[in-house]
Amino acid sequence: MDFTINSEVVDKVAKITLSGELDSLSARVFQKEIEKVALQSPTELVLDMEHLAFMSSAGLRVLIFSKQKMGVGLTIYVVKPQEAIVDTLEKTGLQHSVNIVDQYPA
Amino acid sequence: MELKTFPATVDSLDPLRQYVKDVSQQAGLDKKATYNLILAVDEIATNIILYGYEKAGLEGFIDVLTEVSDNRLKVVFEDDAAPFDPTTRELPDEEDFDLPLEERPIGGLGIYLTINGVSEFSYEYINNRNRNIFEVDIKSP
């Protein structure tokens, strides 16, 4: 399944839409996108995962990397992740580092 | 056992996941168990490809053997790269990431998801081949 990614930064809110499957290969693309939005020093990172079918540990590492890159003050929102991805975030304790929401803005 | 062979390159990750998904569905695994198995095989396949082959400058194949029996699905990955037991080594993060020391636990995330995603995960080195074995109980509906 092809991976696609789009991003935009408006008023310090970086929104990244992820679709398809996020594995080690596509995680490299995700990381590049994070580096790109980081240049604008956003305070909020909104990850739209509604159309993300799969996320491996590589995807988790980019999530962690994003917090490092953009500072501990960064608030991360994960929008409409599928249940299996929520499970992964919970199993690894990462659900404490992100806000899982049905929509953004709330 | 059924056998399908994939080149040990990152381009194989997607077809390999799809193949294991098809086998899982045929075996009657539920959605959650299938997803967790895919997560596990993707992790191990990635490690074999990146560390066993690409970073070692080798080319080769991963043999994927599958078998359904006694309400259990067994998937075995066999490869000819250098011996590598994922259960004993904490894998380094991909070298592009510049993570500080306190991130070290993160290095084991993938293996943690692998071991906890299947009923049983084991490794053995036999006949000069790495064998990564995933076993999943097929729950009755």
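Residues numbered from 1 in each chain as written. Chains lettered and ligands numbered in written order. Predicted model: local features only at pLDDT ≥ 70, side-chain atom pairs only at ≥ 80, totals over all residues.

### A short note on the interface of chain A and chain B
Here is step 1: Residue-level contacts link 18 residues of chain A with 22 residues of chain B.
Here is step 2: Considering each element in turn, the side of chain A that touches chain B owes the most residues, six residues, to helix H2 (residues 57-70) of chain A.
Here is step 3: When its residues are assigned to classes, the side of chain A that touches chain B shows seven nonpolar, seven polar and four charged. (Contact = placed C-beta atoms within 7 Å. Helix = DSSP H or I, 4+ residues; strand = E, 2+ residues; numbered from the N terminus. Nonpolar A, V, L, I, M, F, W, Y, C, P; charged D, E, K, R; others polar.)

### A short note on the sheet that holds strand S5 (residues 99-101) of chain A
Residues and elements named next belong to chain A.
Here is step 1: If you trace the five strands from one edge of the open sheet to the other, you get S1-S2-S3-S4-S5, paired in mixed fashion. Whereas interior strands pair on both sides, the edge strands pair on one side only; in this sheet they are strand S1 (4-10) and S5. Averaged over all pairs of adjacent strands, the angle between their axes in this sheet comes to 20 degrees, without regard to strand direction.
Here is step 2: One ladder, built from five bridges, connects strand S3 (residues 44-55) with strand S4 (residues 75-79); its direction is parallel. Bridge pairing links Leu45 to Ile76 in S4.
Here is step 3: Taken strand by strand, H2 contacts strand S2 (13-22), S3 and S4, and its axis lies near 175 degrees from that of S3. (Pairing = 2+ DSSP bridges. Axes fitted to C-alpha atoms, helices over the stretch in contact; angles between N-to-C directions.)

### Brief notes about the confidence of the model for chain B
All names here are of chain B.
Here is step 1: Considering every residue of chain B, the mean pLDDT works out to 88; 87% of them sit at 70 or more.
Here is step 2: Ignoring residues within four places in sequence, the model shows residues 91-104, a span with pLDDT below 50, making 15 contacts including any to other chains.
Here is step 3: For this predicted complex, the interface confidence comes out at an ipTM of 0.93, alongside a pTM of 0.91. (pLDDT = per-residue confidence, 0-100.)

### Digging into the sheet that holds strand S2 (residues 61-69) of chain B
Residues and elements named next belong to chain B.
Here is step 1: Taken together, five strands build an open sheet; the order of strands is S1-S2-S3-S5-S4 and the sheet is antiparallel. A single partner strand is all that each edge strand has here, and the edge strands are strand S1 (2-7) and strand S4 (120-126). Sheet twist, expressed as the mean angle between neighbouring strand axes with direction ignored, is 20 degrees.
Here is step 2: Looking at chain direction, S2 and strand S3 (residues 72-79) are connected through seven bridges and run antiparallel. When the bridges of S3 are listed, Leu65 appears paired with Val76.
Here is step 3: Helix H1 (residues 13-27) contacts S1, S2 and S3 of the sheet and is inclined by roughly 10 degrees relative to S2.

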